[in-house]
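Each chain, written out:
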Amino acid sequence: MTTNRSAETTPDVASIRADFPILGTQVHDSPLVYLDNAATTQKPHHVIESLSTYYETYNANIHRGLHTLSEQATAEYESARDRIAAFINAKQSHEVIFTRGTTDAINLVARAWGDSNVASGDEIILTEIEHHSNLVPWQMLAHRRGAHLRFIPTDSEGHVDLVEYEKMLGKRTRIVAVTHMSNVLGVITPVAELIRIAHANGIPVLVDAAQSVPHMKVNVQELDADFVAFSGHKMLGPTGIGILYGKESLLNTMDPFIGGGSMIRVVELHESSWAGLPEKFEGGTPNIAGAIGLGAAVDYINQIGISNITAHEMSLTDYALQQLQDLDSVRIFGPPDTANRGGVISFAVGEIHPHDIGTLLDTDGVAVRAGHHCAQPLMRKLGVPATVRASFYLYNTTDEIDQLVASISRAKDFFDGA
Amino acid sequence: MALDDLYRDVIMDHYKRPRNQGAASDANIVVEGVNPLCGDEVKLWLTVSSDNIVTAANFEGHGCSISQASVSIMTEAITGKPVAEVGRIISEFRAMMLDGADANETLLGDGIALEGVRDFPVRIKCAVLSWNTLKLGLDEHQESSGGHIELSHTES
């Protein structure tokens, strides 16, 4: 990037797009219209270059070599941690653990916290709209420990029932794990309120923030969240890197998840003692390049300004909801307006199967997700096998939404005309 | 890679007007197939006579147009054929879809129309689901003593 942008100015989408090499790609002879950002986002030059710079100029292992390159790699890796900690307003950098992604982070908590805090007959509270990544690790924990999962009911738009939730909390409740924003319905859950109520009952809360941290200001101290998990690749960073934020007081009580190098203090033949935070949870050589790349992604987001990104996505979502609602054949799932939703819109087009829509849109260069979105229980609740999903980010434009709408109309004509 | 190659008239016709749809109570092979990745499902009711002729093939299912057209096409292609010939039809279809082989139209009937799906690799499994399900049903039938069998196949 060569331009200087103040975090206070409205982002210029054209200049943002110029930072993303892939956005110039043609798909089936049409310009790529990338609307699958809830699955993964594209990467700016700045991030791609941070990876090649690491590999080309200071590639070394961290925290062990007494040589110059190792010191530089360690400094960059830890600097990325500091900037990510600042981005989510963690009180201390060592409360930010590098993981492989959201799934890995939640599994870490389900194992390292869950196995020593959840006993037979205990309860784990989730919602009905969770991604498999915030469901299956808890099912596995429940099976290991003989515990039970309970689900906060949600209405057809995905809003959680706070009254029922409060009634569900009891002396057997050990943890509440909830999504901050549904990857299917786009609905934003009232996590601050859910946390306040849980804490009034002495219960910790894990927030699956995979869909929120990339798109809106998430302040972990203000939320008072106990654990927050998110992925780098959904916020302009590389794949294979993610974050578990945990309160120091909780992380300190937990045993490691992965044993091996880097996470130990002293190793004897028959036992070992653990390193402090954050190394205790980062056994083995970590994804050094990935962490550095995620740090670069956070810098990029800060340069644009997260509030500007939120505002841009809200205006796109507002526009897309209106345009899609104008199509008679389209049925939108989730909230009908942007009051409590992010830039993720799931929909059905008449009786046409979502996979057929996905293929038809692809031939126009429009990339959307068609499938169950790793949320099979929610699909059953909605009564559909799958949905089509369009999801937006800072580089999308209203022109692209017009192309989405035109392509849906063409697909409808194609199927109805046959 | 035109859309018309994927969704040819004959495919859309089978999708909109499926042949041999509905359960058959006198079938001696009932076999279900599912692709858990995308949720496509087919259930086949096959009636094989004592002299090894597929006298009837019926189906129910739900999923995308390719999976449902493919199963409709398949039931037409195999009805009235000896089991051994059905085996050759299955091999011909799988070779066309999975190995890119040129197919014999006389053998495949409308199945030849699914050739264009090869250009859409993520959709090939949609087309072969019902054929793999059929293969399992007939293979098990050959190995059993010919009595009533119920099976399920998971596409992987």
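See above for the structure.
Residues numbered from 1 in each chain as written. Chains lettered and ligands numbered in written order. Predicted model: local features only at pLDDT ≥ 70, side-chain atom pairs only at ≥ 80, totals over all residues.

A. Spotlight on the sheet that holds strand 3 (residues 54-62) of chain B. All names here are of chain B. Across the sheet, which stays open at both edges, the four strands sit in the order 3-2-1-4 with mixed pairing between neighbours. Two strands close off the open sheet at either side, each with one partner strand: strand 3 and strand 4 (149-154). Between one strand axis and the next, the sheet turns by 15° as a mean value, whatever way the strands run. Here strand 1 (residues 29-35) pairs with strand 4 via six bridges, running parallel. In the sheet register, Val31 faces strand 4, and the bridge partner there is Leu151. Contacts from helix 6 (residues 124-143) reach strand 1, strand 2 (40-48) and strand 4 within the one sheet, and its direction differs from that of strand 1 by about 145°. (Pairing = 2+ DSSP bridges. Helix = DSSP H or I, 4+ residues; strand = E, 2+ residues; numbered from the N terminus. Axes fitted to C-alpha atoms, helices over the stretch in contact; angles between N-to-C directions. Contact = placed C-beta atoms within 7 Å.)

B. Structural view of the nonpolar core. Residues and elements named next belong to chain A. Membership of the largest hydrophobic core comes to 122 residues, with the highest contact counts inside it found for Ile88, Val109, Val228 and Ala229. Ranked by the residues each element gives to this core, the list is headed by helix 10 (residues 288-304), at 11 residues. Summarising the domain contributions, this core has at least three residues from each of domain 1 (13-31 + 305-417) and domain 2 (49-302). Beyond its immediate stretch of four places on either side in the chain, Val228 contacts Ile88, Val207, Ala209, Val220 and Tyr245. (Core = buried A, V, L, I, M, F, W, Y, C linked by C-beta atoms within 7 Å. Buried ≥ 20, exposed ≤ 12 C-beta atoms within 10 Å, placed from the backbone. Domains from an automatic or database assignment.)

C. Spatial organisation of the packing of helix 3 (residues 68-87) of chain A against helix 10 of chain A. Residues and elements named next belong to chain A. Running from N to C, helix 3 and helix 10 cross one another at 40°; their axes reach a closest spacing of 8 Å. With respect to helix 10, the element helix 3 is oriented oblique. Judged by the twist between their axes, the crossing of helix 3 over helix 10 is left-handed. Between helix 3 and helix 10, the residues in contact are Ala73, Glu76, Tyr77, Ser79, Ala80, Arg83, Ile84 and Phe87 and Ile288, Ala291, Ile292, Leu294, Gly295, Val298, Asp299 and Asn302, respectively. Looking at the contact of helix 3 with helix 10 residue by residue, the classes come out as 10 nonpolar, three polar and three charged. (Parallel < 35°, antiparallel > 145°, perpendicular 65-115°, else oblique. Left-handed = near helix turned anticlockwise from the far one by under 90°. Nonpolar A, V, L, I, M, F, W, Y, C, P; charged D, E, K, R; others polar.)

D. Spatial organisation of the packing of helix 11 (residues 306-325) of chain A against helix 14 (residues 398-417) of chain A. Residue and element names in this part refer to chain A. Between helix 11 and helix 14, the shortest axis-to-axis distance is 10 Å and the interhelical angle comes to 25°. Here helix 14 runs roughly parallel to helix 11, going by the angle between their axes. Crossing of helix 11 against helix 14: the hand is right-handed. For the pair helix 11 and helix 14, contact is made by Leu316, Tyr319, Ala320, Gln323 and Leu324 and by Thr398, Ile401 and Val405, respectively. Residues belonging to the contact of helix 11 with helix 14 are distributed by class as follows: six nonpolar, two polar and no charged.

E. The arrangement of the interface of chain A and chain B in detail. Chain A puts 13 residues into the contact, and the matching count from chain B is 13 residues. Tallied by class, the residues present in the side of chain A that touches chain B amount to five nonpolar, seven polar and one charged.

F. Spotlight on helix 5 (residues 136-145) of chain A. All names here are of chain A. Taken together, the buried positions of helix 5 are occupied by Pro137, Trp138 and Leu141. Buried residues of helix 5, viewed axially, fall in a sector of 95°; they line one side. Here the buried face of helix 5 lies against helix 4 (102-117), strand 5 (123-127), strand 6 (148-152) and strand 7 (173-179). Downstream of helix 5 by one or two residues, Gly146 has phi in the positive range, about 75°. (Arc of directions from axis to C-beta.)

G. Expanded view of the environment of Phe347 of chain A. Summarising the element assignment, Phe347 of chain A is placed in strand 14 (residues 344-349). Overall, the presence of 23 C-beta atoms within 10 Å leaves Phe347 of chain A in the buried class.

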